[in-house]
2 protein chains.
Amino acid sequence: MRKARVFFQLSGREAEVPLGCTVLEAAWRAGEPVDSPCGGRGKCGKCRVRVKGDAAPATPRELEKLTAGEMGRGWRLACQAEAAGDVSVRTPARVSGGESGTPRSLLRARGIKPAPRVEKTFLKLRAPSLRSQKSDLERVIEALGGGDGMEVSLDVMKTLPGALRAGGFGVTAVTCGGRLAAVEPGDTTPVLAGAAVDVGTTTLSVSVYDLRTGDMIGGRTAINPQERYGADVASRIFFAAEREGGLETLRKIVVDALNGMLNGAARDGGVDPGGIYEVVAVGNPTMMHLLGGVSPENIAAAPYVPAFSGALDVPARDVGLEVSPGARIRVPPAVSAYVGADTIGAVLAAGIGRGGECELLVDMGTNAEIVLSGRGGMAACSAAAGPALEGAQISCGTRAKPGAVQHVFLDAGALRYATIGGLAPSGLCGSALMDAMAELRLAGAIDGGGRLDPARLRGEYAFLKRNFVREKGGGERFALRAGSEGVFLTQGDVRQFQLAKSAIITGIQALLKKERVRAREIGRIYLAGLLGSSLRAESAIEAGVLPDVDAEGVKYVGNAALDGAAMCLLSERAWRRAVDTAGKMKCLELSGWRGFQELFVKNLEFPPYRVR
Amino acid sequence: MRKARVFFQLSGREAEVPLGCTVLEAAWRAGEPVDSPCGGRGKCGKCRVRVKGDAAPATPRELEKLTAGEMGRGWRLACQAEAAGDVSVRTPARVSGGESGTPRSLLRARGIKPAPRVEKTFLKLRAPSLRSQKSDLERVIEALGGGDGMEVSLDVMKTLPGALRAGGFGVTAVTCGGRLAAVEPGDTTPVLAGAAVDVGTTTLSVSVYDLRTGDMIGGRTAINPQERYGADVASRIFFAAEREGGLETLRKIVVDALNGMLNGAARDGGVDPGGIYEVVAVGNPTMMHLLGGVSPENIAAAPYVPAFSGALDVPARDVGLEVSPGARIRVPPAVSAYVGADTIGAVLAAGIGRGGECELLVDMGTNAEIVLSGRGGMAACSAAAGPALEGAQISCGTRAKPGAVQHVFLDAGALRYATIGGLAPSGLCGSALMDAMAELRLAGAIDGGGRLDPARLRGEYAFLKRNFVREKGGGERFALRAGSEGVFLTQGDVRQFQLAKSAIITGIQALLKKERVRAREIGRIYLAGLLGSSLRAESAIEAGVLPDVDAEGVKYVGNAALDGAAMCLLSERAWRRAVDTAGKMKCLELSGWRGFQELFVKNLEFPPYRVR
C-alpha cells in the first residue's frame, strides 16, 4: 500500500496514511487537534486548514463552503481534502481560544515565559598555572558564579579534564537546577534540546524541543510494545507481578522503544540524542512505575496503592534513557493510582481551572480519567470503562487503523460510514461504536434499556430494517452494510457499550455531586487523548457518555498530556504549576464512594433521545 | 612460617606476624600507636601494654622496668614481649593527651557528640485502605515527619512495595541528610554500620563502625593491588593516562580489593556489607581520582591540576562499592593536587591547630605531606621525598616486612639492629636507614657533606672499621654485620637519603618561613602514617629529616588519616570541621616557591652532630 506523509506545520506532528486518506483522518491519527463538530461529514465547514503539496482536487462540499479566494490561498476542508501524496498542513491559529495550540503558544497565551530548568553557559576559563592551581571543577564552578552547593555526579567529573583541555579552556557548562549536568569542550550553546515523552498504555509519543527557542524539532509516535504482554493496565500489572522477570521485561521493552524514538526524533531535528539534557515524561501511574522498573502490583487490587505518587526527578540514565549522561528525567506528580502525570499534563495544557468556570476534562480509554474544575478547586477520578471503546470485547471492534470505521451516520435516508484511509471497512473503532449507538437510538432501534429491536424503528428510518439479521440464538444483529456479513453489531456489543458509557458518565456525575456542581453549569468539556480525537460530540452526548451540554462546548485538545509535558520542559514555572495542581487536586475513589453502585446501574440506561 | 595474631583491643586493629615478633613490631605493622621513644631498645620503659594470651616469658629488661605487681596484672613492655601464639593487647588509655586514641575517644575528648549523618527510624505505618490510599513513599515520608524536599532514588523506590508489605507496614527508614537512603522491612535499627576507608598508595585500610555506639566492629588492611602497576603516585598516573584502559584497570582493581575488605570487616562485626550505609574515604588526590575513575593525568606535571578538589559526596554504587544500595561515599576536600583528604583526615585526628600552639604534622612517604599550624592558621605543602624512605633506590632497601631491619643503633660498644619478626636481616627499611644515618653521623663516619669515610670515625667508635669494605670503583661500603656481604649501605645510598631528607626538611622550613614561625617555636611534631610508626624521633632529628626540637615533643599518631575519616563517619560536626579546615588551609606549592632551590641545596648537608 502506497503511503502519504501528512505534516502539520505548527505542531510538528505528522502521520503516514494510505493515499486517499483525508487530512482530517490524518489529523486524528497524528493527534493533531482540528475542529470538526460535524464529525467529518462536510456539513459544518469548520475544519478549515491550508494545504500545500499533493492533495486531490476540491470536492463539491468544499466548493459550497469555501470562496474562490480562500481556495486560491490554499484553504480546504480537512474532512474533504484527500492526500494524493505528501502534504503539509497549516491549521488555523487557535491560541486565542486559549485551550489548544503548541506548548510554546500555550505558555505564551498564559503569560508564562519559556524558561527551562536546563541552561547552557559558555565559559572562557583562564588556563591553570602555578599561580592558579584550582581544580578543573572549581574553575568551572567559580566561572559560573556558583557557590558550594552545586551538585556534580562522578560521571560529569570524569569528563572534566578532557573537556577543559580539548576546548582550550573554552567550555560550555550545562546546569540544571543546582546541578552541573555536563561540561562540554568549546561553545555548544547552539545545541540545547529536551524531550517530552508520553508513555500511553497503547501509544508512545516523543517530542524533541529546542529549549532555546521552544520549537519542536522532531517527533515520533509508536505502538507501546508492552502491548504484546497485555492490552490494558490490569494485564500489564499482572504480567509484571506474576511472571518471572516480568517487570524487567516490560521496563526494558518500553525503554528500548523510547530510546529508538528519542534517537530518531533528535536526529530529525539535526541533534544527537546526547544533546537532550532533560526529559519530562507523563503517563498513567502504572506506565510510570513500569518505566522506572518499580513494581505496580499494588495498583491492581483494592485499596489501589502506588509505590510513589510525588514528582519523580532522577538521573535519566537510572531509567536507561540514552540521552546526555547528566540529563535528568522528571515525571509530574500523580493524584492516585489511576489519575497520573498524564492527567496533570492534560490539565496544564487544556488550561482548565483558570477562569473560575466549571469545566470538565475527559480522557477516554480503558480507564477514563475525568477532572472537574468547579468552584471548590479541582477533583479527579478514574472510571473503569473497560476496553469496549478501544475496540476490544466488541464483535467487530478494532483499534483506529486503516480500514477501521471511524464514523457512522444517518444522512439523507441512508446509513453512511467513513473508514480511515477510505479503505473497505474492517471493523468498528470506538468513535464509530459511539456514533452507531447514537444513531440507532435516534432511529428507535435501541430502546432506553439497550434492547436492539428493529421492530421499533421510527417511520423515517424503516429502511434500516434491511440491515438487521436475526441471530441463531434469538436476538438481532445489525450489519453496517445491508445483506453483508462484514461489519456488524450484536446485542452483546450494545451491553458492552452500556457498561463502558455508564462507567464514564457515572464518574462524571459522581464528581459533579461531590463538588456540588450541576451538569448545566458545565461551561466546557475538553476531550483529550487519541480516542477523543475522532469523537463526535453529539454522538457522545446522545449515547450518554457525556452529560447533556451544548455540543459546541465540547473541545478536542489533542494529546494534551504530551503537550503538558512539553510545557513543563519549556518552562520551570509550568512545571511548578503542574506540581502545585497535583498537590491541590482532590481525588474521588469511585469504588469507595457510597452512591456508586446505584448510580452505575441507573446509568446503564440510555438517555431519552433528542430530536435533531 | 607459623603466624601469630596480635589483636589491639581498644582500636580493633590487628596484625598477623611471625612467631617471636614483639608486640611493638606488631603494633607498627598494624598502625597501632604505642609510645616508644627509645625505638624499641628496652631502655625507656614507656611502651607499657597489658598482654593476654600466648606471650613468651618476661625478659631481663622487663624485670628491670616493671614491678612484680604490674607484671601480675599483665603489664609488659611492648618492645620485649614476643608473641608465642595469638595475643590480645590493651594499650594504655592515651586520650588525656588529646592527640591520639580511638576515633570515638578523640571525638569525646574534643566535646564533639557522635552524631552520624545516617539515621535509622523504625516506623509503624498504618496499612492502606480505601480511605487512606497514599502511595508507599508518601506514607513513609509522612511518618518521618519529612516534607517535600526528601530525595529518593529509583533504587530505593523499587524496594518500597516489597519492604512495606514484607514488614506488615512496620519498616525501618534510613535517612542520610535530606535523602531517603533505604527502607527495610521490620525493625532493623540494631544494624547501622558505616565504613572508614584509607586508600594509601601502598596500603589499603578499612574500618567498619557501629554507627549507633561508635564502636569499631571490624577492620582490614591490605597492600594496594595497584602496586603492580607502579609503586608511586607518578607511575600510577602514567599508567592511567598512557595505557589503553589503564584508568579503568586501576579503578577496578582497587574497588574490588576494597569490596573484599569491606565484606570481611563487616562480617567480622556480624554485619552484612549491605548493612553499611555510609562510607568516608580518604587518600591522596591521585588515589581519590583513581577510586572514582576520574583521570588524574594533570596532577603529574606542572601546574599540577586535579579534576576536583572539593568534597565528594556521591552514591557509593557509582564508585562500585558493594554496600547498601542507598549508601553514599564521601571524601573530604583536598587542598591541592598533592595535599589531599588523607592530610585533612590526619589534621582532624591529630587535632593540630586547636590550642594556638605552633605544631607540625608530617606524613612521610614518597611524597611527604607537611602541615604547619602557626599563628596565622594552617598551611600545608607536599615534599617530593622520592622513594628512598620506602626502601626503593637504596642498595639493600626494603619495605617494612618480616626480616626487614627496622632499627640500627650503637649500644655498649657494639652495632646492634632489630628486624621485624626477629628474622635474619633481609634489607633496610626507612626507619633503619634513618637510624643508620644518625648513628654513622654520631660515630663520625659520615661528614657534614654526606661523604662516607671510615677514616674519620671517632675514637670510641673505631670498632666500626670492621664494618667497612672498600668497593671496586673506589668508595666505601658499610656492612651491617662485619665481614658479611648481606645488608649494607653505599655512598650512593647516603646520597639518595640526602635527597629525601632535604626535600622533607626544606618543605618544613619553607612552611616555617612562609608563616613566619621559628623552628624553636614548634611545640609538637605529629608523625602520621605507616613510616612514622617505626621512626625513632632522635634519629629523624639527628639525620636532619625533622627540625631540631625536643624528641619528647615528637608524637606518633598512627594512621591518623583513617582515624580522621572515621571521625567524619561518626560525627557530622567532625565532617563539617574537616571541610572547614580544608577551606581555610593555605597551600604552598614548593616548585613555585622562590627560595626552594637554594634551601634545598643547603639542606643536602647534614646538621652538626649532637653529643648524646
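Right, let's walk through the structure included here. (Residues numbered from 1 in each chain as written. Chains lettered and ligands numbered in written order. Predicted model: local features only at pLDDT ≥ 70, side-chain atom pairs only at ≥ 80, totals over all residues. Heavy atoms only, no water.)

### What to know about the overall build of chain A
When you go through chain A residue by residue, the secondary structure sums to 18 helices and 27 strands. Along the three orthogonal principal directions, the C-alpha set of chain A runs to about 100 × 60 × 50 Å. Every one of the 612 residues in chain A was classed for burial, and the buried ones make up 60%. The contacts of chain A with a sequence gap of at least 6 include a subset with a gap of at least 24, amounting to 65%. When the accessible surface of chain A is split by element, carbon and sulfur atoms take 49% of a total near 23,100 Å². A distance of 3 Å separates the average location of the 76 positive side-chain charges in chain A from that of its 66 negative side-chain charges. (Helix = DSSP H or I, 4+ residues; strand = E, 2+ residues; numbered from the N terminus. Buried < 20%, exposed > 50% of the residue type's maximum accessible area, 1.4 Å probe, protein only. Contact = heavy atoms within 4.5 Å. Areas by Shrake-Rupley, 256 points an atom, 1.4 Å probe, with all protein chains shown as cover. Lys, Arg positive; Asp, Glu negative; His and termini not counted. Charge placed at Lys NZ, Arg CZ, Asp CG, Glu CD.)

### Topic: the sheet that holds strand S13 (residues 276–283) of chain A
Residues and elements named next belong to chain A. With respect to topology, six strands assemble into an open sheet ordered S12-S11-S10-S13-S15-S14, the strand pairing being mixed. In this open sheet, the two edge strands, each paired with only one partner strand, are strand S12 (215–223) and strand S14 (312–315). Across the sheet, the axes of successive neighbouring strands diverge by a mean angle of 15 degrees, strand direction being ignored. Relative to strand S15 (residues 328–331), S14 is paired through four bridges, and the arrangement is antiparallel. When the bridges of S15 are listed, Val314 appears paired with Ile329. Running over the sheet, helix H16 (residues 560–570) touches strand S10 (193–199), strand S11 (203–210), S13 and S15 and is turned about 150 degrees from S10. (Pairing = 2+ DSSP bridges. Axes fitted to C-alpha atoms, helices over the stretch in contact; angles between N-to-C directions.)

### Describing helix H6 (residues 154–166) of chain A
All names here are of chain A. Between its first and last C-alpha atoms H6 spans 19 Å; for 13 residues at 1.5 Å apiece the expected length is 18 Å, and the two agree. Taken as a whole, H6 carries its principal kink of about 40 degrees at Leu160; the proline Pro161 stands between one and four residues after it. Buried residues of H6: Leu154, Val156, Met157, Leu160, Pro161, Ala163 and Leu164, and no others. One or two steps after H6, the chain reaches Gly168, where phi turns positive at roughly 55 degrees. (Expected span 1.5 Å × (residues − 1). Bend = angle between axes of the 7 residues up to and from the residue.)

### Here's the deal with helix H5 (residues 136–143) of chain A
Asp136, Leu137, Arg139, Val140 and Ile141 of chain A are the residues of H5 of chain A that are buried. The inward-facing, buried residues of H5 of chain A contact strand S6 (118–124), strand S7 (151–152), H6, strand S8 (170–176) and strand S9 (179–185) of chain A together with helix H10 (297–300) of chain B. Following H5 of chain A by one or two positions, Gly145 of chain A has its phi on the positive side, about 70 degrees.

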